[in-house]
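As a plain string of letters, each chain reads:
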Amino acid sequence: MRRLLLALSFLVTAAAQAAAAEPPTLVVRAAALIDGTGVPERRDVQVLIRADRIVGIETGSKAPPAGAQLIDLGTRTLLPGLIDTHTHIFLQGEDPAAGGYDVQLLKYPLAYRAARAVVAARRALEQGFTTIRDLETEGAGYGDVGIRQAIEEGHIPGPRMFVVTRAISTTGGYPLEGYAPEIEVPKGAQLIDGPVEARKAAREQLDHGADWIKVYMTHRSWVDRAGNLVSQPTLTVEELRAIVDEAHGWQRKVACHAYNGPGLQRALDGGCDSIEHGLEITDAQIAQMVRQGTWYVPTLAAYYYDPAPADTPAGQRDRKRVAVHGVSFAKALHAGVKIAFGTDVGGFPWSEAIAQEFAREVEFGMTPLQAIQSATTRAAELLGRSGELGVIAPGAYADLIAVEGEPLKDVAALKSVSFVMKDGQVFKSPPP
Ligand SMILES: [Zn+2]
């Protein structure tokens, strides 16, 4: 048996070596390359690709190997395919005047919502986001698992998807709400009470295809009489621990929506792997995140979108959120908290530029190179896929984009993505 294993491992190694020695089938050439690792930009580069993987990087214009196809992107800058670690393809930036969130669950057939989710997935890819972590379907059940499958099988274009399915909150912890108590309305998340129900919900979601578990650790938020932002905590530490323990047993991770206060504290004490939004994080909580290695996915730009009128309670809340958020981001960055790019797109319309988040990251202290890393190597690390995603290096998936302009001088250049390749397949090309 041992001899057979040795022989087999020799064959596997030999096959891998033979594969590495095979010539590339595709060469992508451009004036500059930012590889995602944080090293300085390289000039005059060629990326060698075979099938769905990168097999090499060369500098200086060399003739492509015989038989290889050349794609010359001229003066453009190449980057790894971008990663948005907080999206909602099943949301469309619901306009309150058009029925808001509630009509999604009450009036729209699931097929309608799935059709729009297909368009949203395509929008992400068009903008150079070749991977997304989609953080719950908002009442559309396991729809994300189906969209993920359709993309993987090549039926529709879209990014590589990490999905969470239904998400988890508590009674009183998620819409729909505000209806007569006698009427049973659908809820946008799976509601649990107690550690037994919490673990059962996690098991169900993992069983049906969740790559991650999403938990809402805070729900309503408002400004109190003293002018402080307050958010209502939802799950107890005990309930969250049951979910985290179950997910970790499956080698999956838990993303926690948490604004501030006791809900955020419970998220940290219960062992969340990523804090989503984190509007107001105390110094002690920042220290705890560093100690525990907790990720921070701030989704800054979303809170600037369409605030309620200033003279209303909702408007005051919206302004307070923005006022505290940038401060938390700057402190977390300075303290060395691990930060990954996430936008909450879907919470605002998919017609908006996803890349607007880069400018907010820079506004609150990141360098352009750090901002790019947050959506490439750092995001890949959050997803547990370092070396395969978010990087231009041999062995990584051939997920490449090219932009006009110089993103290291102005991150707004990341809004003008003119070339997108995923898995070695060109999805978008600049006009000839
Ligand atoms: Zn979200």
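To keep things clear, this report deals only with the structure shown in the data block. (Residues numbered from 1 in each chain as written. Predicted model: local features only at pLDDT ≥ 70, side-chain atom pairs only at ≥ 80, totals over all residues. Heavy atoms only, no water.)

**Structural notes on the packing of aromatic side chains**
Each aromatic ring pair is summarised here by two numbers: the centre-to-centre distance and the angle between the ring planes. According to the stated counting rule, one finds seven aromatic pairs in the structure shown. For the pair Y108 and Y112, a centre-to-centre distance of 4.7 Å together with 55° between the ring planes defines the contact as tilted. The class for Y108 is partly exposed, based on a relative accessible area of 29%. On the accessibility criterion, Y112 (35% relative accessible area) is partly exposed. Above the ring of Y397, the side-chain terminus of R53 is found at 3.9 Å from the ring centroid. Lying over the aromatic face of W212, R133 brings its terminal NZ or CZ to 4.5 Å of the ring centre. (Phe/Tyr/Trp six-rings, centres within 6.5 Å; stacked < 30°, edge-to-face > 60°. Buried < 20%, exposed > 50% of the residue type's maximum accessible area, 1.4 Å probe, protein only. Lys NZ or Arg CZ within 6 Å of the ring centre and 35° of its normal.)

**Describing the state of the cysteines**
Per the stated rule, a full pass over the model turns up one disulfide. Each sulfur of the disulfide joining C256 and C272 lies 1.9 Å from the other. In this structure, the disulfide formed by C256 and C272 twists by about -65° around the S-S bond and is classed as left-handed. Of this pair, C256 sits in strand β14 (residues 253-258) while C272 sits in the loop between α7 (261-269) and β15 (274-277), and the two are 16 residues apart along the sequence. Classification of C256 by relative accessible area gives buried; the value is 0%. (Disulfide = S-S within 2.5 Å. Helix = DSSP H or I, 4+ residues; strand = E, 2+ residues; numbered from the N terminus.)

**Some words on the packing of α7 against helix α8 (residues 283-292)**
In contact at an axis separation of 10 Å, α7 and α8 are set at 20° when each is read in the N-to-C sense. As summarised for this structure, α7 and α8 are arranged roughly parallel, according to the angle between their axes. In this structure, the crossing between α7 and α8 has a hand that is left-handed. Contact residues: G261, L264, Q265, L268 and D269 in α7; Q285, Q288, M289 and Q292 in α8. (Axes fitted to C-alpha atoms, helices over the stretch in contact; angles between N-to-C directions. Parallel < 35°, antiparallel > 145°, perpendicular 65-115°, else oblique. Left-handed = near helix turned anticlockwise from the far one by under 90°. Contact = heavy atoms within 4.5 Å.)

**A short note on helix α10 (residues 356-363)**
Among the residues of α10, those classed as buried are E357, F358 and E361. Along the axis of α10, the buried residues cluster in a sector spanning 105°; they form a single face. Here the buried face of α10 lies against β6 (82-87), β7 (129-134), α9 (313-335) and α11 (368-374). Looking one or two residues past α10, G365 carries a phi angle of roughly 125°, positive in sign. (Arc of directions from axis to C-beta.)

**Some remarks on the pattern of salt bridges**
A side chain of one charge can pair with a side chain of the opposite charge if their charged atoms are brought near each other. Scanning all chains against the criterion turns up 23 salt bridges. The residue E363 makes a salt bridge to R360 at a minimum N-O spacing of 2.8 Å. Taken together, the positions of E363 and R360, both in helix α10 and three residues apart, correspond to about one turn of that helix. You can call E363 partly exposed: its relative accessible area is 46%. Note that E381 and R378 form a salt bridge whose closest N and O atoms lie 2.9 Å from each other. Taken together, the residues E381 and R378, both in helix α12 (residues 377-382) and three residues apart, mark about one turn of the helix. Judged by its relative accessible area of 26%, R378 is partly exposed. Three or more residues are tied together by salt bridges with common partners; here these are D52, R53, R385 and E388. (Salt bridge = Lys/Arg side-chain N within 4 Å of Asp/Glu carboxyl O.)

**Things to note about the coordination of the zinc ion**
The coordination sphere of the zinc ion contains the protein donors H86 (NE2), H88 (NE2) and D344 (OD), at a distance range of 2.1 to 2.2 Å. With a relative accessible area of 0%, H86 lands in the buried category. Owing to a relative accessible area of 13%, D344 belongs among the buried residues under this scheme. (Donors = N, O, S within 2.8 Å, 3.2 Å for Na, K, Ca; no water.)

**As for the environment of E357**
Relative to the assigned elements, E357 resides in helix α10. Placed 68 residues apart in sequence, E357 and M289 show a C-alpha to C-alpha distance of 22 Å. Among all residues touching E357, those that are not within four sequence positions of it are T299, L300, A301, F341, G342 and T343. There is a polar contact of 2.7 Å between the side chain of E357 and the backbone nitrogen of A301. (Polar contact = N/O pair within 3.5 Å; in protein donor to acceptor, adjacent residues only side chain to side chain.)

**Some remarks on the layout of surface pockets**
Counted as a void, the largest pocket has a volume near 1300 Å³. As for the largest pocket, its lining consists of 35 residues, of which Y101, Y259, R317, R321 and G347 are closest to the centre. Of all the secondary structure elements, the ones that give two or more residues to the lining of the largest pocket are α2 (100-106), β11 (212-216), β12 (218-223) and α9. It is β12 that provides the largest number of residues to the lining of the largest pocket, a total of four residues. A class-by-class count of the residues in the lining of the largest pocket yields twelve nonpolar, eleven polar and twelve charged. Considering only enclosed or pocket space, the second largest pocket measures out at about 270 Å³ in volume. (1 Å grid on protein atoms, 1.4 Å probe; cavity = no way out; pocket = protein on both sides within 12 Å on 5 of 7 lines; lining within 4 Å. Points joined across faces, edges and corners; volume = space filled by probe spheres on them. Nonpolar A, V, L, I, M, F, W, Y, C, P; charged D, E, K, R; others polar.)

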